[in-house]
Amino acid sequence: MSRPDVPGRGTAANPPNRYEPLHVELEPDPDSDAPPAPTVFYRDTSRTILAENDSPDVGFRFSLNPYRGCEHGCIYCMQPDTPVLHADMAWRPIGEVRVGDVLFGFDEFPEPGRTRKFRPAVVEAVWWSRRPTLRLVTERTEVVATAEHRWLQARDFRWSQTRQLAAGRRLRYVPVVTEDFDDDYRVGYLAGMTLGDGTFRYQPGWRSARLGFPAAYWRVALADQEPLLRLLEILARFGVEAGVRAFRIRPPARRAMEAVEVRSLARLAIIHALLNAERDGRSYRRGFLAGFFDAEGNNGDSLRLSQVDVSVLERVQRYAAGLGFRFELEPRPGKASTLRLVGRLVDRIRFFSTCRPAILRKIGALYGCEMNVEPETVLAVEPGPVTDVVDIQTSTGTFFAAGLATHNCYARPTHEYLGFSAGLDFERRIMVKEDAPELLRQALASRRWEPQVVALSGNTDCYQPVERRLEITRRCLEVFAEFRNPVSAITKSALVARDADLFAELARHGAAHVLFSVTTLDPELARRMEPRAARPERRLEAMAALARAGVPVGVMIGPVIPGLNDAEIPRILEAAARAGAQSASWVLLRLPKPVDELFERWLEERYPERRARVLARIRDTRGGRLSDSSFGHRHRGQGEYAEQIAALFAAAAKKHGLDRPFPPLETAAFRRPPTPGAQLSLL
């Protein structure tokens, strides 16, 4: 006997939440008189609005998602000890990452006609969970990550999921250096900084200047504060107290300078001992090069170190060679000679990761440089353990993990990757992007934006029930109409008819069309499959209203469920044609985990007599499985039964004049209205 339907919900199953929400606002469920599970709205505070995808079988590049989602789906899943590259060039475990940290990232997608460039990537969110994993093994590294995690391929610069990789594939890679600071490093840094840009006047046995001895002091003066603070920490570790003070020179410098200075004879004796100790190991050399770079280095078209004293540069050159770096000496008699790092951009990254200089300004000169890194060959992708993994969201959607260029898993199939379950949470815990219109206006006003179609929405319905009250989607449409940027919307809500005026305004410029998702005309099946969506007849009424307003409308039958609603395809297309539809399409059901378990449970509870037949036919169209995510097959399936569905759809669409796609949306009318208060152009 089947269970009664849960009022207003598609499923009663609700696995425990794996993430703790940061902000909630409760609203009663308006669809039921029974005591309901309340709808919970979470404020999405991310600062970008247009999500970008690179799927070859999705007909849009950008989408706008006012509800449910963190815009790129920029969530990552990796083992906590996986090293990630920070902006200071340190590799630290992803488990130690905190919101606000800055990582070394790059463009998620290159600008048209350009290549990807390095960018700072601010960590916006961090989650922990427990997940099945795969072990990705390459020639120089290995990493444990979820199957959906994406990696940047070296050959065609495409993003591929872990489960799609195989031996022989090549990824993008930068060398991982995880050496830390020790006392030898600290002494080396002190020596390199002193020799590069310090002043040290002291000899053992010197006494007070009042007794006729020369004035003794140690001092380093710089415009950047990071190395000065590091020097204070180093000195304090060896018992030398010091502070930072303003430093004035004549004529005035272009940048304000500060200095760390020591004048105590006892403390100068300690510094003298440190600088003259016999240290020449790897850590000492790393520290020496870092200190000398902070004092005398430049990171522009190339990495250079300058000094008048050539013997000092020869010492630097020798230390660098011991660490695997080749510097060429470019002598300039009578002036400061230069050492230039030989190699590619990746060698500069390795230098910074190995030596760890302190001045972020100099390291940050890498931002904006082309992402010229090394290829790395995959050796194996093996089953991994079910283990704790860390998910992070960054402002760029990218970072480097275990040396490999990584990306979030776009359009994840379930709501659990937002921190909730794939069951009832999917229906009652909604992410809301309250500032979507303002962010959209900023994006379209940018000179970097090239007018193109934006999909509403790429993830979930932009006409959620709460849209009636919040009107976020309508306000976004007002922005699209203001800029005349083309929009393609898909919805199963009749609320879209409310915005017929805005869609009509865009349609007058060939810049809008609307697809209605209709899965069935059977009221009972619709109530059970989509209990919170508009009834099928109301969707058709909304379709007719938009068509009367001059908006091109179409129907999308999705998902087609073999053995459940596939026989309705001719009836749906006939009804859509009567309502004014100009085009039609369809999508076959696929069941990625854990949606497969929820769907099987739903069939058992609502249609137990059809369960076996429906699942068998789904497997017939998915190569024996319930899901096939491969491009070219995931939307339509394959096999004899999938071909029968395709033939039925094609015949019915032709009969009702729906076998032609929409005309391409136009961008010719796009404009950037003047910003309020801005001075108008003369021409």
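Computed from a predicted structure; not experimentally measured.

In terms of burial, strand β21 (residues 337-341) is largely enclosed, as four of its five residues are buried. Pairing geometry for strand β19 (residues 303-307) and β21, over four bridges, is antiparallel. Bridge pairing in β21 places Q307 opposite S337. Here strand β20 (residues 327-330) runs beside β21; their pairing, made up of four bridges, is antiparallel. Residue pairing across strands places E330 opposite T338, the latter belonging to β21. Between the end of β20 and the start of β21, which pair antiparallel, lie six residues, with G334 showing a positive phi angle near 85 degrees.

At a minimum axis separation of 10 Å, helix α1 (residues 183-197) and helix α2 (residues 226-237) run at an interaxial angle of 125 degrees. As the angle between them shows, α1 and α2 are arranged oblique. Handedness of the α1/α2 crossing: left-handed. Counted together, D183, Y185, R186, Y189, L190 and M193 of α1 and P227, R230, L231, I234, L235 and R237 of α2 form the full contact between these two elements. Its residues placed into classes, the contact of α1 with α2 shows eight nonpolar, no polar and four charged.

We now examine the sheet that holds strand β18 (residues 297-299). Taken together, the four strands give an open sheet; going across it, the order is β18-β19-β21-β20, and neighbouring strands pair in antiparallel fashion. The open sheet has two edge strands with one neighbour each: β18 and β20. Each strand of the sheet is rotated relative to its neighbour by a mean of 25 degrees, with strand direction disregarded.

This paragraph deals with the confidence of the model for the chain. Of the residues in the chain, 84% have a pLDDT of 70 or more, and the chain-wide mean is 84. This stretch, residues 1-37, has a pLDDT under 50; its non-local contacts, to residues over four places away or in other chains, come to 85 contacts. When the criterion is pLDDT under 50, residues 69-76 qualifies, and its contacts beyond four places in sequence or with other chains add up to 47 contacts.

Approximately 930 Å³ is the volume found for the second largest pocket. Around the second largest pocket, the lining comprises 29 residues; the ones closest to its centre are T48, L50, E52, F62 and R448. Mapped by element, the contributors of at least two residues to the lining of the second largest pocket are β3 (50-52), β8 (118-131) and α9 (436-445). The leading source of residues in the lining of the second largest pocket is α9, at three residues. Of the residues belonging to the lining of the second largest pocket, the class tally is eleven nonpolar, seven polar and eleven charged.

The terminal C-alpha atoms of α2, which comprises twelve residues, lie 17 Å apart, in line with the 16 Å expected from a rise of 1.5 Å per residue. All of the buried residues in α2 are P227, L228, R230, L231, I234 and L235. Take α2 and look down its axis: the buried residues cluster within an arc of 160 degrees, on one side only. With respect to the buried face of α2, the exposed residues turned more than 90 degrees away are E233, A236 and R237.

Ring pairs (aromatic) are described by centroid distance and by the angle formed between their planes. Per the counting criterion, the structure on display carries 23 aromatic pairs. Seen from their ring centres, F104 and F400 are 6.3 Å apart, and the 25 degrees between their planes marks the pair as stacked. Here the residue F104 occupies a position in strand β7 (residues 102-106), and F400 occupies one in strand β24 (residues 398-401), the gap between them amounting to 296 residues. Taking relative accessible area as the criterion, F400 reaches 0% and is therefore assigned buried. An angle of 80 degrees between the planes, with centres 6.1 Å apart, marks the rings of Y284 and Y319 as edge-to-face. Highlighted residues: Y284 in helix α4 (residues 282-296) and Y319 in helix α5 (residues 310-322), separated in sequence by 35 residues. For the pair Y284 and Y319, one class covers both residues: buried.

By the secondary structure assignment, Q79 is in the loop between β4 (62-64) and β5 (83-85). Along the chain, Q79 and I94 lie 15 residues apart, while their C-alpha atoms are 7.7 Å from each other. Here Q79 is in contact with I94, V144, T387, D388 and V389, once residues within four sequence places are set aside.

The topology assignment puts E374 in strand β22 (residues 374-383). E374 gets classed as buried once you look at its relative accessible area, which sits at 14%. In terms of polar contacts, E374 uses its side chain to reach the side chain of R140, at 2.8 Å. There is a polar contact of 3.4 Å between the side chain of E374 and the side chain of R344. Aside from chain neighbours lying at most four places away, what touches E374 is R140, L171, R172, Y173, P175, R344 and V346.

Criteria and thresholds
Residues numbered from 1 in each chain as written. Predicted model: local features only at pLDDT ≥ 70, side-chain atom pairs only at ≥ 80, totals over all residues. Heavy atoms only, no water. Buried < 20%, exposed > 50% of the residue type's maximum accessible area, 1.4 Å probe, protein only. Helix = DSSP H or I, 4+ residues; strand = E, 2+ residues; numbered from the N terminus. Pairing = 2+ DSSP bridges. Axes fitted to C-alpha atoms, helices over the stretch in contact; angles between N-to-C directions. Parallel < 35°, antiparallel > 145°, perpendicular 65-115°, else oblique. Left-handed = near helix turned anticlockwise from the far one by under 90°. Contact = heavy atoms within 4.5 Å. Nonpolar A, V, L, I, M, F, W, Y, C, P; charged D, E, K, R; others polar. pLDDT = per-residue confidence, 0-100. 1 Å grid on protein atoms, 1.4 Å probe; cavity = no way out; pocket = protein on both sides within 12 Å on 5 of 7 lines; lining within 4 Å. Points joined across faces, edges and corners; volume = space filled by probe spheres on them. Expected span 1.5 Å × (residues − 1). Arc of directions from axis to C-beta. Phe/Tyr/Trp six-rings, centres within 6.5 Å; stacked < 30°, edge-to-face > 60°. Polar contact = N/O pair within 3.5 Å; in protein donor to acceptor, adjacent residues only side chain to side chain.

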